[in-house]
Amino acid sequence: MSDQPYKPQNSERQVQAYWQENSTFEVSENSDKPKFYCLAMFPYPSGQLHMGHVRTYTLGDVIARFQRLQGKNVLHPMGWDAFGLPAENAAIKHDIPPAKWTHSNIAHMKDQLQSLGFSYDWSREFATCNADYYRWEQWFFTKMFSKGLVYKKAAMVNWDPVDQTVLANEQVIDGRGWRSGALVERRELAQWFLKITDYAQELLDNLDGLDGWPEKIKTMQRNWIGRSTGVEMTFPLPKIDNVDLDGVTVYTTRPDTLMGATYLAVAPQHPLAKTAAAKNPELAEFLTQCNQVKVAEADMAKMEKLGMDTGYTASHPLTGEAIPVWVANFVLMEYGSGAVMSVPAHDQRDFEFAKKYGLPIKQVVAPATDSDEVCDIAEAAYVSKKGVLTNSGEFDGLNFGEAFKQIAQALGDKNLGETQVNYRIRDWGVSRQRYWGCPIPIINCEKCGAVAVPEDQLPVTLPTDVQFDGIGSPIKKMESFYKTTCPTCGGEAQRETDTFDTFMESSWYYARFASANNENEMLDERAKYWTSVDHYVGGEEHAILHLLYARFFHKVMRDEGLVDTDEPFEKLLALGMVLKDGVKMSKSAGDAGDPKLLLDAYGADAVRMAMMFAAPPEQSFEWSEHGVESANRWLRTKLFKVVDDHLARGAIEALNKDQLNDSQKETRRVVHETIAKAADDYGRRLSFNTVVSSSMSLMNHLIKSDDKTPQGRAVAQEALTAVVTIMAPITPHICHELLLRLTGEKLEEIVWLDVDEAALVKTTVPIIVQVNGKLRGKLEMSVDDSKQDIEAAARKVENVEKYIEGKTIRKVIVVPAKLINFVVS
């Protein structure tokens, strides 16, 4: 028996020191064990961990530790997603260089992660703000540039006026910047783009093979990629100011409604809108107002639909009828051609707009005669594809499919349209007008244009000795940075002063962990050994952003021969949120919780156990410190004390299965059922809360049996070893200590327990005792007992005797292994 009660802080520090001194979790590729790559999304070094971090990284660690117990060669690395706006904001606020602020935060957060006992291979650690990381990102960008996967164009962008940078569509939430919360404006800027659309179909098709991904996440990606089949058509324009124009090109998935088009709507940034505004001050003011508001598809349902007539008309491509052209605030320039065909009778948005501005509504599709669909064009648009065409001339009576083909053919005959597959996804704009990011490795030369920085001149290093005035990026004002010579012609040139979107760094970091110490290559053969990641852990809020970009990067890396799989992440665990008063806990809101306070009070194992016991990983849950207190109490008073008392009783005999009584056999059955269930909960179901509850139940059973006989203690030894092994992925510190005391073995040197199938055979069964169908008692009977044995035992149950005494037993019904019922009168 130990001299002192369990003190987690002391014990945990000692165990962590042992792991560190022995490089316990460092792995190499030179192993005959099957590989397993477990990765949790690496953190932004904001300064301290919050409870959301604790949950994410505990879940990842539990998975990694269980897989080690399965005899796998497990890679479980950690690094830092270190570029980003908060470092710049802190620099402005506290007058501290972003690099210094970032590295100070990394040191502090690393201490916090280590204090939680996570089994990371720290030898592979890197921060994405270090040049030895981002030089390879720049190198890869130049490779994409040479392959034609990179281009620069003037585009309408989402401008965050507070952070003074461009945001991707996905980074605008309800019209506001995802970090600053500021209302986003629309501006036209020259931007660098990656052609993710070249991989749209493969990104879509490969989702079907991601069996280890939640269906919800795959659906979100399918919707974002948004494949559709429709018709691209042109509405011809007359000469405007004696200038021939190409016409207004639109794309529609409903060509069957073409004969019902009563107006065209173009984006405020459309060339036709600008031409009209040049002579119409009122329209010009309207365009200015539209450009001050971010309009994303997600916002459209909420916003007021506004428009203004340009005064121009286009010709209907089949009838020649004059169709007015309007500017509308709900049309996006970056989607398709920036113009839409408006059919008010068959599109609710167009219907509402037409009603508001008194535009014609012409019905051209009606329910089929055998249909029970309701159609009242005076009240709402009829949007069904199940109808037949009407008021459509030669196309009357056709259903959707027939009309699609024939109208597309008619447009093709006039060279005014063709069938086309389109995607909702847009190319990825990666330019950011901020300082603290990876410099884009492009040199702009007046003679040669945009030239990629040669490989022998990489990395383009971000200056760290900079002065902040709070307005824009300082490197845009640093001649020492941007003045250079063209690598092609040797003339004067300027470096690109934009930096990469920080999602660039997180799109390939998982692969760099495999080759982190390679100074000569982005990736080497070790990346092919480790990738794809076997199990990836993180929040579902990254479904579109990070996860889609990483899938794109992986396919480009595959095509460059750097990896040899199609997908970066085989299995994805998308986590629910940690809530406080029903709201997501966040550092910015000041309620994220400092885990250090809990670690000091209760220890890392208690924090980890509470996190895993609170809810299944995919569910959100309400955080409470009470759960940590309860976990600490169980570890101290149940697990540690019971093992301590057990060992204090002296030497333990070897288990002899042939000498066990029924009670001891029953305990072994519970032990091996718990082992089997835990393996399934860990490996297949990812139900870590039930691992904890099963372990608690086993301990309760063991405490209740309290068998101090030699074989009883032998069974207890087996049971306690099982509990310690089962709980080790969740509470590794206490289990490291207790396993050493119980068996002399080190936790990192053992494998998962074998299930004794013979022990699972039940030797006793519970029997319900009824009198006239009402419960009057319970029995525990041997599975070998006869009906006569059960009846004899049931008659002796005290509560049964009084209900049958003096009565005539008409019938005795025995259902083997379930119940016995005395029918009396």
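Right above here is the structure, for reference.
Let us look at the structure shown here. As the structure is a computational prediction, the values presented were derived from the model and not from experiment.

A few words now on the overall build of the chain. Each helix and strand in the chain was counted, giving 25 helices and 32 strands. With the principal axes as the frame, the chain shows a C-alpha extent of 110 × 75 × 45 Å. Considering the chain as a whole, with its 825 residues, one finds that 54% of them fall into the buried category. Long-range contacts, defined as pairs at least 24 residues apart, comprise 72% of the intrachain contacts of the chain with a sequence gap of at least 6. Roughly 35,800 Å² of accessible area belongs to the chain as shown, and the carbon and sulfur atoms make up 48% of that amount. Placing the 91 positive and 114 negative side-chain charges of the chain at their respective mean positions leaves the two points 5 Å apart.

Our focus in this paragraph is the environment of Glu666. Tracing the chain through its elements places Glu666 in helix 20 (residues 662-685). Looking at Glu666, the relative accessible area reads 15%, which means it is buried. The spatial distance from the C-alpha of Glu666 to the C-alpha of Phe118 is 36 Å, given a sequence separation of 548 residues. For Glu666, the residues in contact, after removing those within four places along its chain, are His701, Thr763 and Thr764.

Moving on, we get to helix 20. For an α-helix, the turn length of 3.6 residues means that residues three or four places apart are oriented alike. With 24 residues, helix 20 should reach 34 Å at 1.5 Å per residue; the first-to-last C-alpha distance of 32 Å fits that figure. One or two residues past the end of helix 20 sits Leu686, with phi positive at roughly 50°.

This part takes up the sheet that holds strand 30 (residues 774-782). Read across the sheet, four strands follow the order 30-29-32-31 without closing on themselves; strand pairing throughout is mixed. One side of each edge strand has no neighbouring strand; the edge strands of this open sheet are strand 30 and strand 31 (809-815). Each strand axis lies, on average, 20° off the axis of its neighbour in the sheet, ignoring direction. Inspection of the sheet shows strand 29 (residues 764-771) paired to strand 32 (residues 819-824) by four bridges, in the parallel sense.

End to end, helix 5 (residues 131-146) covers 22 Å across 16 residues, agreeing with the expected 22 Å (1.5 Å per residue, within 8%). Those residues of helix 5 that fall on the buried side of the exposure criterion are Tyr133, Tyr134, Trp136, Glu137, Gln138, Trp139, Phe140, Phe141, Thr142 and Met144. Gly148 lies just past helix 5 and shows a positive phi near 80°.

Glancing now at the pairing of strand 11 (residues 307-315). Each regular strand displays side chains that alternate between the two surfaces of the sheet. With six bridges joining them, strand 11 and strand 12 (residues 322-328) adopt antiparallel strand pairing. The residue of strand 12 that forms the bridge with Met308 is Val327. Following strand 11, the chain reverses through six residues before pairing antiparallel with strand 12; Gly320 in that reversal takes a positive phi of roughly 80°.

This next bit is on the state of the cysteines. Enumeration according to the criterion identifies zero disulfides in this entry. The thiol sulfur of Cys489 is not disulfide-bonded, and the nearest other cysteine sulfur, from Cys445, lies at 3.7 Å. Cys489 sits in the partly exposed class, given a relative accessible area of 33%.

Here the focus is the packing of helix 22 (residues 710-727) against helix 23 (residues 732-743). As a packed pair, helix 22 and helix 23 sit with axes 9 Å apart at the nearest point and diverge in direction by 155°. One finds that helix 22 runs roughly antiparallel with respect to helix 23. Judged by the twist between their axes, the crossing of helix 22 over helix 23 is left-handed. Contacts between helix 22 and helix 23 involve Gln717, Leu720, Thr721, Val724, Thr725 and Met727 from the first element and Cys735, Leu738, Leu739, Leu742 and Thr743 from the second. Each residue belonging to the contact of helix 22 with helix 23 can be placed in one class, and the counts come to seven nonpolar, four polar and no charged.

Between Leu458 and the following residue, Pro459, the backbone shows a cis peptide bond with an omega angle of 0°. With respect to the secondary-structure elements, Pro459 resides in the loop between strand 20 (449-452) and helix 13 (479-482). Cis geometry is adopted by the peptide bond preceding Ser532, which originates at Thr531 and carries an omega value of 10°. Backbone geometry places Asp95, a non-glycine residue, at a positive phi of 55°. Here Asp95 is to be found in the loop between helix 3 (85-94) and helix 4 (98-115). You can call Asp95 exposed: its relative accessible area is 68%. Phi angles above zero are rare outside glycine, and Asn772 is one such case at about 50°. Among the structural elements, Asn772 can be located in the loop between strand 29 and strand 30. Judged by its relative accessible area of 43%, Asn772 falls in the partly exposed class.

Right, let's talk about the pattern of salt bridges for a bit. Applying the stated criterion across every chain, the model contains 42 salt bridges. Here Arg526 ties to Asp524 by a salt bridge, and the two come within 2.9 Å at their closest N and O atoms. Given a relative accessible area of 21%, Arg526 falls into the partly exposed group. Each member of the salt-bridge network shares a partner with another, and the members are Glu202, Arg551, Lys555, Arg558, Asp559, Asp566 and Glu567.

Attention now moves to the nonpolar core. In terms of nonpolar packing, the biggest core is built from 173 residues, with Leu194, Trp428, Met557 and Leu639 touching the most fellow members. In terms of residues, this core owes the most to one element, helix 2 (residues 51-69), which gives nine residues. Not counting residues within four places of it along the chain, the set of residues in contact with Leu194 comprises Phe141, Met144, Leu149, Val150, Asp427, Trp428, Val430, Met504, Phe552 and Phe553. Ala273, Cys290, Val365 and Phe395 belong to the second largest nonpolar core, which has 45 residues in total.

What follows deals with the sheet that holds strand 19 (residues 442-445). Through backbone hydrogen bonds, the strands of a sheet pair up, either in parallel or in antiparallel fashion. The four strands lie next to each other as 20-19-22-21, forming an open sheet whose pairing is antiparallel. Only two strands of the sheet have a single partner each, and these edge strands are strand 20 and strand 21 (483-485). Averaged over all neighbouring strand pairs, the angle between strand axes comes to 40°, with direction disregarded. Both strand 19 and strand 22 (residues 492-495) contribute to a ladder of two bridges, which runs antiparallel. Paired with Ile443 across the strands is Arg495, a residue of strand 22.

The subject of this paragraph is the environment of Gly47. Here Gly47 lies in the loop between strand 1 (35-40) and helix 2. Overall, Gly47 belongs to the buried group, its relative accessible area being 15%. With 211 residues separating them in the primary sequence, Gly47 and Leu258 have C-alpha atoms 57 Å apart. Aside from chain neighbours lying at most four places away, what touches Gly47 is Asn105, His108, Met109 and Gln112.

A separate point is the packing of aromatic side chains. Taken as a whole and assessed by the stated rule, the structure comprises 39 aromatic pairs. Relative to Phe552, the ring of Tyr199 lies with its centre 5.6 Å away and its plane at 70°, an arrangement referred to as edge-to-face. A residue pair is termed long-range when its members are at least 10 positions apart, and Tyr199 in the loop between strand 7 (185-194) and helix 6 (200-205) and Phe552 in helix 16 (residues 546-559) qualify at 353 residues. Measuring from ring centre to ring centre gives 5.7 Å for Tyr509 and Phe513, while their planes differ by 75°; the resulting arrangement is edge-to-face. Summarising the burial analysis for this pair, Tyr509 and Phe513 share the class buried. Among the aromatic side chains, those forming a connected cluster through ring pairs are Phe42, Phe126, Tyr133, Trp508, Tyr509, Tyr510, Phe513, Tyr536 and Phe569.

About the criteria used
Residues numbered from 1 in each chain as written. Predicted model: local features only at pLDDT ≥ 70, side-chain atom pairs only at ≥ 80, totals over all residues. Heavy atoms only, no water. Helix = DSSP H or I, 4+ residues; strand = E, 2+ residues; numbered from the N terminus. Buried < 20%, exposed > 50% of the residue type's maximum accessible area, 1.4 Å probe, protein only. Contact = heavy atoms within 4.5 Å. Areas by Shrake-Rupley, 256 points an atom, 1.4 Å probe, with all protein chains shown as cover. Lys, Arg positive; Asp, Glu negative; His and termini not counted. Charge placed at Lys NZ, Arg CZ, Asp CG, Glu CD. Expected span 1.5 Å × (residues − 1). Pairing = 2+ DSSP bridges. Axes fitted to C-alpha atoms, helices over the stretch in contact; angles between N-to-C directions. Disulfide = S-S within 2.5 Å. Parallel < 35°, antiparallel > 145°, perpendicular 65-115°, else oblique. Left-handed = near helix turned anticlockwise from the far one by under 90°. Nonpolar A, V, L, I, M, F, W, Y, C, P; charged D, E, K, R; others polar. Salt bridge = Lys/Arg side-chain N within 4 Å of Asp/Glu carboxyl O. Core = buried A, V, L, I, M, F, W, Y, C linked by side-chain atoms within 4.5 Å. Phe/Tyr/Trp six-rings, centres within 6.5 Å; stacked < 30°, edge-to-face > 60°.

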